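Report on the structure
Okay, here's what each chain looks like letter by letter:
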Amino acid sequence: MAQKLQSVRGMNDLLPSQIARWHRVEAVLRAVGWAYGYQEIRTPMVEQAELFTQSIGDQTDIVQKEMYIFADRERQQLALRPEATASVVRACNQHGLLHNAQQRLWYLGPMFRRERPQQGRYRQFHQFGVEAFGWAEPDMDAEVLRLSARIWRRLQVRDVHLQINTLGSPQNQQAYRQALQDYFGKHRQQLDADSVRRLDTNPLRILDSKVADTMALVADAPDLRLFLDDEIRRRFERLCELLHQAELPFTVNPRLVRGLDYYTGTVFEWVTEQLGAQNAVCAGGRYDRLVENRGGHVCPAVGFALGLERMVELLRAQEESDDNAANVTNSAPADIYVLSVTENKSVTTEATASVATVSEMLRDADADYKIIAHYGGGKLNKQMKRAAASGARFAVITNADAHAANPVQVKKLHAADAQQPMHTINLNALAAWLKDNFSFSK
Ligand code: HAM
């Protein structure tokens, strides 16, 4: 027997039994994006590798360890996108979307990072992101945070908390980096191996270390706030004011740094305690230099991305703990199940044809019906069992022996109607009969 192939590690199938929760989340994301006037943009999953190396930073973990890079047949270095901010900036520059224009954009799709898979961390995962181009003031930082808070409200997600920080201008970051190198350099022996490696390349990331000895050093490391210039400080204070006005609770976490180098100014994360080590559900910030660094005009920008797997998992855990099983219907039940009876075992093809014809006719009559056609014949009681299992309210039984399957019989399937007899109805009156009976029993 041929060997059964498995999916690639860290890349998951989404099965029909899981999809309803995804649809619910996606519908809310689209609706909230729409409510704030954001427009959808779709960019390719594959880009030139250098787009990410240059945008995210060539010393970041994403670029150093996690990107899927490959040479195509023309030996071009391509990459599966690890995130979409760089792609959206590229697309805006390429199509002139930012020429004398501001843009509010959103996207949703798969991203790829070759991280060590664990709960909430996958190699293919999905992000919903928003990016606002052309606004420098913190009103827009506040808008994207309000937008994200509305997503939690609409999905009734609890237990997510907002942390914010500001990383300062590139000059502030440079001075801070130097201060960190001086400080950690003096304690090199106490640092873990990863942090030693980061000391020269990306010392800010040492602040993120989860190693106990390094964390003890981090506690006394220089404070970024001392390195901020007045303008950055003013904007951050204004953002805090705006969030207070919006009654959006938050914590200032001066140690919050991000794994991507393009940030300038505000950074933030929505974190939860429900997902173990992978506690960030949504994260982002300002990246006021990226558009010009990628060949565009000067254009301030701010945005975030939300991890759908983490979001769906959070909802699942919450609904299970609420014992709210009613909310978790996996797939919508059918409305109508169409089957056929025949005395003659050899006429299955006619039976199938009559089932298909009647199903199509009903779909023409009302595009909102969910209609399941039963193919392959079989004993009537078996077919009726399938009809009941589909959750349908009506079984329509065609007679394959009769010409043009006319008339048909209809049986109401729901428990409350179980005692009602079969109704015999002419085909040309069937759609109207169903419509009446649907609205009557809804
Ligand atoms: P990020 O922090 O790398 O930011 O990712 C954002 C979110 O994507 C994370 O908070 C998490 O929920 C989810 N995520 C990241 N990696 C994984 C993974 N391996 N498995 C499952 N979920 C994951 C960005 O990607 C930026 N582009 C966000 C941004 C947009 N900044 C400005 N605009």
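What you see is a predicted model; the values in this text were computed from it and never measured.

Topic: the overall build of the chain
Within the chain, the secondary structure is distributed over 14 helices and 16 strands. The C-alpha atoms of the chain give a radius of gyration of 29 Å, which is well past the 22 Å a tight globule of 442 residues would have. Along the longest, intermediate and shortest principal axes, the C-alpha atoms of the chain span 90 × 60 × 45 Å. Of all 442 residues assigned to the chain, the portion counted as buried reaches 48%. By element, 49% of the accessible surface of the chain is carried by carbon and sulfur atoms, the whole surface being about 23,000 Å². Here the chain carries 53 positive and 53 negative side-chain charges, and the mean point of each set is 5 Å from the other.

Some thoughts on the sheet that holds strand 8 (residues 250–252)
Read from one edge of the open sheet, eight strands run 1-5-6-11-10-9-7-8, paired in mixed fashion. Of all the strands in the sheet, just strand 1 (39–40) and strand 8 have a single pairing partner and so form its edges. Here strand 7 (residues 160–166) pairs with strand 9 (residues 266–272) via seven bridges, running antiparallel. Paired with Ile164 across the bridge in strand 9 is Phe268. Its contacts with the sheet put helix 1 (residues 16–35) on strand 5 (103–112), strand 6 (124–133) and strand 11 (301–307), and the angle it makes with strand 5 is roughly 160°. Running at roughly 45° to strand 6, helix 4 (residues 85–94) makes contact with strand 5 and strand 6 of the sheet.

Concerning the pairing of strand 7
The buried fraction of strand 7 amounts to five of the seven residues, a majority that puts the element mostly inside the structure. For strand 7 and strand 8, the ladder comprises three bridges, and the chain directions are parallel. For Leu162, the partnering residue across the bridge sits in strand 8 and is Phe250.

Here's the deal with the site of the ligand
In the neighbourhood of the ligand, 26 residues make up the surrounding shell, with Glu83, Thr85, Glu115, Glu131 and Tyr263 lying closest. Between Glu83 and the ligand, the recorded distance is 2.5 Å, taken from a side-chain N or O atom to a nitrogen atom. Here a nitrogen atom of the ligand and a side-chain polar atom of Thr85 are 2.8 Å apart. When the ligand sits alone it has 660 Å² of accessible area, and the protein chains cover 96% of it. Mapped by element, the contributors of at least two residues to the shell around the ligand are strand 6, strand 10 (280–286) and strand 11.

Brief notes about helix 11 (residues 308–321)
Along an α-helix, residues three or four apart share an orientation, since each turn contains 3.6 residues. When the terminal C-alpha atoms of helix 11 are compared, their 20 Å separation across 14 residues agrees well with the 20 Å that a helix rising 1.5 Å per residue should span. Taken together, the buried positions of helix 11 are Leu308, Glu309, Arg310, Met311, Val312, Leu314, Leu315, Gln318 and Glu319.

Observations regarding the side chain of Ser359
Tracing the backbone through its elements, the reader meets Ser359 in helix 12 (residues 348–365). When neighbours within four sequence positions are excluded, Ser359 is seen to be in contact with Val338, Ile371 and Ala373.

A look at the environment of Lys370
Within the secondary structure layout, Lys370 lies in the loop between helix 12 and strand 13 (371–373). Judged by relative accessible area, which is 36%, Lys370 ranks as partly exposed. Setting aside residues no more than four positions away along its own chain, Lys370 makes contact with Ala332, Pro333, Ala334, Asp335 and Ile336.

Section: a positive patch on the surface
Together, Lys379, Lys382, Lys385 and Arg386 make up a positively charged patch on the protein surface. Tracing the backbone shows Lys379 in the loop between strand 13 and helix 13 (380–389). A residue is classified by how much of its surface remains accessible, and Lys379, at 62% relative accessible area, is exposed.

A closer look at the sheet that holds strand 3 (residues 69–71)
An order of 2-4-3 is seen for the three strands of this open sheet, with the pairing classed as antiparallel. The sheet is open, and its two borders are formed by strand 2 (46–48) and strand 3, each paired with just one other strand. With direction set aside, neighbouring strand axes in the sheet form an average angle of 35°. Where strand 2 lies against strand 4 (residues 77–80), three bridges are found, and the strand directions are antiparallel. Bridging across to strand 4, Val46 finds its partner in Leu80.

Side note on the packing of aromatic side chains
Summed over the entire model, instances satisfying the criterion amount to eleven aromatic pairs. Ring centres of Phe133 and Tyr287 lie 6.1 Å apart, and the angle between their planes is 85°; on these two criteria the pair is classed as edge-to-face. Here the residue Phe133 occupies a position in strand 6, and Tyr287 occupies one in the loop between strand 10 and helix 10 (290–293), the gap between them amounting to 154 residues. Pair check on accessibility: Phe133 and Tyr287 agree, each one buried. Consider the rings of Tyr369 and Phe438, whose centres lie 4.9 Å apart with planes at 25°: the pair is stacked. Placement of the pair is Tyr369 in the loop between helix 12 and strand 13 and Phe438 in helix 14 (residues 427–441), with a sequence separation of 69 residues. Put simply, the rings of Phe133, Tyr262, Tyr263 and Tyr287 pair up and form one aromatic cluster.

Topic: a nonpolar patch on the surface
Together, Met45, Val46 and Phe70 give the surface a local cluster of nonpolar side chains, amounting to about 230 Å² of exposed area. Residue position: Phe70 is located in strand 3. According to the relative accessible area criterion, Phe70 is partly exposed, its value standing at 35%.

Here we look at the pattern of salt bridges
Applying the stated criterion across every chain, the model contains 23 salt bridges. The shortest N-O distance in the salt bridge between Glu319 and Arg21 comes to 2.9 Å. Remark: Arg21 occurs in helix 1 and Glu319 occurs in helix 11; sequence separation between them is 298 residues. Ionic pairing is found between Asp208 and Arg205, a salt bridge with its closest N-O pair at 3.0 Å.

Each value, and the rule that gives it
- Residues numbered from 1 in each chain as written.
- Predicted model: local features only at pLDDT ≥ 70, side-chain atom pairs only at ≥ 80, totals over all residues.
- Heavy atoms only, no water.
- Helix = DSSP H or I, 4+ residues; strand = E, 2+ residues; numbered from the N terminus.
- Rg over C-alpha atoms; globule rule 2.2 N^0.38 Å.
- Buried < 20%, exposed > 50% of the residue type's maximum accessible area, 1.4 Å probe, protein only.
- Areas by Shrake-Rupley, 256 points an atom, 1.4 Å probe, with all protein chains shown as cover.
- Lys, Arg positive; Asp, Glu negative; His and termini not counted.
- Charge placed at Lys NZ, Arg CZ, Asp CG, Glu CD.
- Pairing = 2+ DSSP bridges.
- Contact = heavy atoms within 4.5 Å.
- Axes fitted to C-alpha atoms, helices over the stretch in contact; angles between N-to-C directions.
- Near = heavy atom within 4 Å.
- Polar contact = N/O pair within 3.5 Å; in protein donor to acceptor, adjacent residues only side chain to side chain.
- Expected span 1.5 Å × (residues − 1).
- Patch = residues over 30% accessible without salt bridge, like charges linked within 9 Å, V, L, I, M, F, W, Y side chains within 5 Å.
- Salt bridge = Lys/Arg side-chain N within 4 Å of Asp/Glu carboxyl O.
- Phe/Tyr/Trp six-rings, centres within 6.5 Å; stacked < 30°, edge-to-face > 60°.

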